[in-house]
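Each chain, written out:
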Amino acid sequence: MASFLETAWGRAMWNARDHLLDGLTITLQVTALGFIGAVVIGLALCLITMYIKPLYWPARFLVNFFRATPIICQLMWVNYVWPPLFGWPTSLFQAGCVALALQSAGYLAETFRAGIEGINRGHIEAGRSLGMPAHLVMRRIILPQAFHMMAPAIMNQFMVVIRSSTLVSIIGVADLMHWGHHLSAEWFEPIGIMSTIAVFYIVVIGTLSSLFKWYSERLRNRYV
Amino acid sequence: MLPGLWYNFLVFFLVVVFGVVLGLIFSTIRLNTNIAVRAIAAFYIGLFRNAPEYITLVWFLYVPALVLSKLLESNVTFEPLVVAVMALSLSAGAFYAEIFRAGILSVPKGQIEAARATGMSRTLTLRRIILPQAIRQMLPEFFNECVSVFKGTTLVSLVMVPDLVYGVNLVSSYTGQALPLYTGIALIYFFIVFTMTSIAEKLSNPWRDKTR
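As the structure is a computational prediction, the values presented were derived from the model and not from experiment. Residue positions are given per chain, counted from 1 along the sequence in the order it is written. Chains carry letters and ligands carry numbers; both start at the beginning, A for chains and 1 for ligands, and go up in the order they are written. Whole-chain, interface and lining totals are the exception, using all residues; otherwise, since this is a predicted model, local features are given only for residues with pLDDT of at least 70 and side-chain atom pairs are given and counted only at 80 or more. To obtain the side-chain values, all non-hydrogen atoms of the structure were used and water was disregarded.

A. How the structure looks around the overall build of chain A. Only runs of H or I of at least four residues qualify as helices and only runs of E of at least two qualify as strands under DSSP, and these elements are numbered from the N terminus. Scanning chain A for helices and strands turns up 10 helices and 0 strands. Principal axes of the C-alpha set define a box for chain A whose edges measure 75 × 50 × 25 Å. With a 1.4 Å probe rolled over the protein chains alone, any residue whose accessible area is under 20% of its type maximum counts as buried; one over 50% counts as exposed, and the rest are partly exposed. The buried share among the 224 residues of chain A stands at 46%. Nonlocal contacts in chain A, meaning residues at least 24 apart in sequence, comprise 71% of its contacts between residues at least 6 apart. Only the protein chains shown count as cover for residues, and all accessible areas are computed by the Shrake-Rupley method using a 1.4 Å probe. Accessible area of chain A: about 11,300 Å², with a carbon and sulfur share of 66%. Positive charge is attributed to Lys and Arg, negative charge to Asp and Glu, and no charge count is given to His or to the chain ends. Charge coordinates come from a single atom per side chain, which is NZ of Lys, CZ of Arg, CG of Asp or CD of Glu. The averaged location of the 10 negative side-chain charges in chain A is 18 Å from the averaged location of its 15 positive side-chain charges. The contact definition used throughout considers only heavy atoms, calling two residues in contact when any of these lie within 4.5 Å.

Structure follows, in structure tokens:
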């Protein structure tokens, strides 16, 4: 600790610890909101493509569009084009969350579709013939089974959201990456500061991904 | 603006080439029997698979040039393009390494042992038994990674490589015509990436069906 504070970059980071913590909070918030949004929009798009015939092609186009545009294009598109067009999002933070959500929604819609189509048809027919309404079959029969099959892909998508969340700093959201950049430029100590930030991200993402790996292996051993 | 697209393709091409080379090297090291040697590859793969590409880019933008300048006591700078290709290749290399390793591990051990037992040399086993099956297994993943590498090339605009996104940012800040410009590049990248994905699927499907 003492030797950390003796370096110029160590002092710079220690003095800005409040900003860095705020940045970390923003990073986590953007990731969480982006991911939750992605699950909701992805599920909606998936159900539309599967069950609402007239909206099939528009929904397919959206899925492909979200999947095939780079995240940086989408961030700028949402941030610069949406407000004059729709009057929303009203803050940079919201724009960041929406862009992350849209990007992952496309991938998740495909994952959900594969998961739902992978369910044994007999289970669905059995549920229906027992008199369950379609929504109950979906909730009690399809989704619980599909979740176990999709869990690894969903968790993988969560990692993609965290990795992409570093990019919200380019439209001006004050996340951890933003403060790393800011401090490096202010103190001109990028070696120490950027390396510390990088190590921080690597440790967080590495820990989460090993946790997810362990959990999905446990799920597979238990149910498959 | 549109000539900026060539930078995307140039970076894409270089990153795929260097990434595949790095991936081949590190997947071989990762499958080495010596645990210390294996740890080197595990470290590299863990580091670059977990580091967000943007961080890797910014780190390579600042740190190598500064460290070299201090060591050589002269002013060393790197071209932005070199920085971008270096960072993205190292990143992609880690992903390719894992794909190649999974492909090679997907070949049943018994087949390799059978080949060795019938007197095939190691290289012949690799050429006739392992690679034909491993390549079929990893083609879909390999093409997926190539597509994400292309999407990743848009990040080079952040380290001052004048690609399409960079040009659009510049023009947009002059003219204030955000709507057509950003919608336009979103559609351009959509068409390119969508075409690439379709071609990749066409290429990898017949290969996959032969063995399974």
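B. Region of the structure containing the pattern of salt bridges. All names here are of chain A. A side-chain nitrogen of Lys or Arg and a carboxyl oxygen of Asp or Glu constitute a salt bridge if their distance falls within 4 Å. Inspection of the entire model under this criterion finds 6 salt bridges over all chains. The closest approach of N and O atoms between Glu110 and Arg60, which form a salt bridge, is 2.9 Å. In this pair, Glu110 is assigned in helix 6 (residues 92-117) and Arg60 in helix 4 (residues 56-68), connecting sequence segments 50 residues apart. The residues Glu110 and Arg60 share a single accessibility class, namely buried. Residue Glu125 pairs with Arg121 through a salt bridge whose shortest N-O separation is 3.5 Å.

C. Region of the structure containing the environment of Arg38 of chain B. Residue and element names in this part refer to chain B. By the secondary structure assignment, Arg38 is in helix 2 (residues 35-50). Spatially, the C-alpha atom of Arg38 lies 9.0 Å from that of Thr28, the residues being 10 residues apart in sequence. With residues near it in sequence (within four places) discarded, Arg38 still touches Ile29, Arg30, Asn32 and Thr33.

D. Representation of the interface of chain A and chain B in the model. Between chain A and chain B, the contact holds 35 residues from the first and 35 residues from the second. Defined in terms of a 1.4 Å probe, buried area is the accessible area two parts forfeit on being brought together, summed over both. For the pair chain A and chain B, the summed buried surface comes to about 3,100 Å²; carbon and sulfur atoms form 78% of the total. Together, Arg163, Ile191 and Ile202 of chain A form the three largest contributors to the area buried by chain A at its contact with chain B, with a combined 19%. Counting every contact that joins chain A to chain B gives 1 salt bridge. Note that Arg163 of chain A and Glu53 of chain B form a salt bridge whose closest N and O atoms lie 3.8 Å from each other.

E. The environment of Gln94 of chain A, seen in detail. By the element assignment, Gln94 of chain A lies in helix 6. In this structure the C-alpha to C-alpha distance between Gln94 of chain A and Gly34 of chain A, which are 60 residues apart in sequence, comes to 9.3 Å.

F. Spatial organisation of a nonpolar patch on the surface. All names here are of chain B. Patch membership needs two things, relative accessible area over 30% and no salt bridge, and members are linked within 9 Å if like-charged or within 5 Å if nonpolar (Val, Leu, Ile, Met, Phe, Trp, Tyr). A cluster of nonpolar side chains, Val67, Leu68, Leu71, Leu72, Phe78 and Val82, forms an exposed patch at the surface whose accessible area comes to about 500 Å². Considering each element in turn, the nonpolar patch owes the most residues, 4 residues, to helix 3 (residues 53-72). Topologically, Val67 is positioned in helix 3.

G. Looking closely at the packing of aromatic side chains. Classification of ring pairs rests on two measures: the distance between centres of Phe, Tyr or Trp rings, Trp counted by its six-membered ring, which must be within 6.5 Å, and the angle between planes, read as stacked under 30 degrees, edge-to-face over 60 and tilted in between. Evaluation of the coordinates by the stated rule reveals 24 aromatic pairs over all chains. A ring pair is formed by Phe9 of chain B and Phe150 of chain B, whose centres lie 5.3 Å apart and whose planes are at 40°; its orientation type is tilted. With Phe9 of chain B in helix 1 (residues 4-30) and Phe150 of chain B in helix 6 (residues 122-152), this residue pair connects regions lying 141 residues apart in the sequence. You can call Phe9 of chain B partly exposed: its relative accessible area is 31%. A network of ring pairs unites the aromatic residues Phe61, Phe65, Phe66, Trp77, Trp82 and Phe86 of chain A together with Phe190, Phe191 and Phe194 of chain B as a single cluster.

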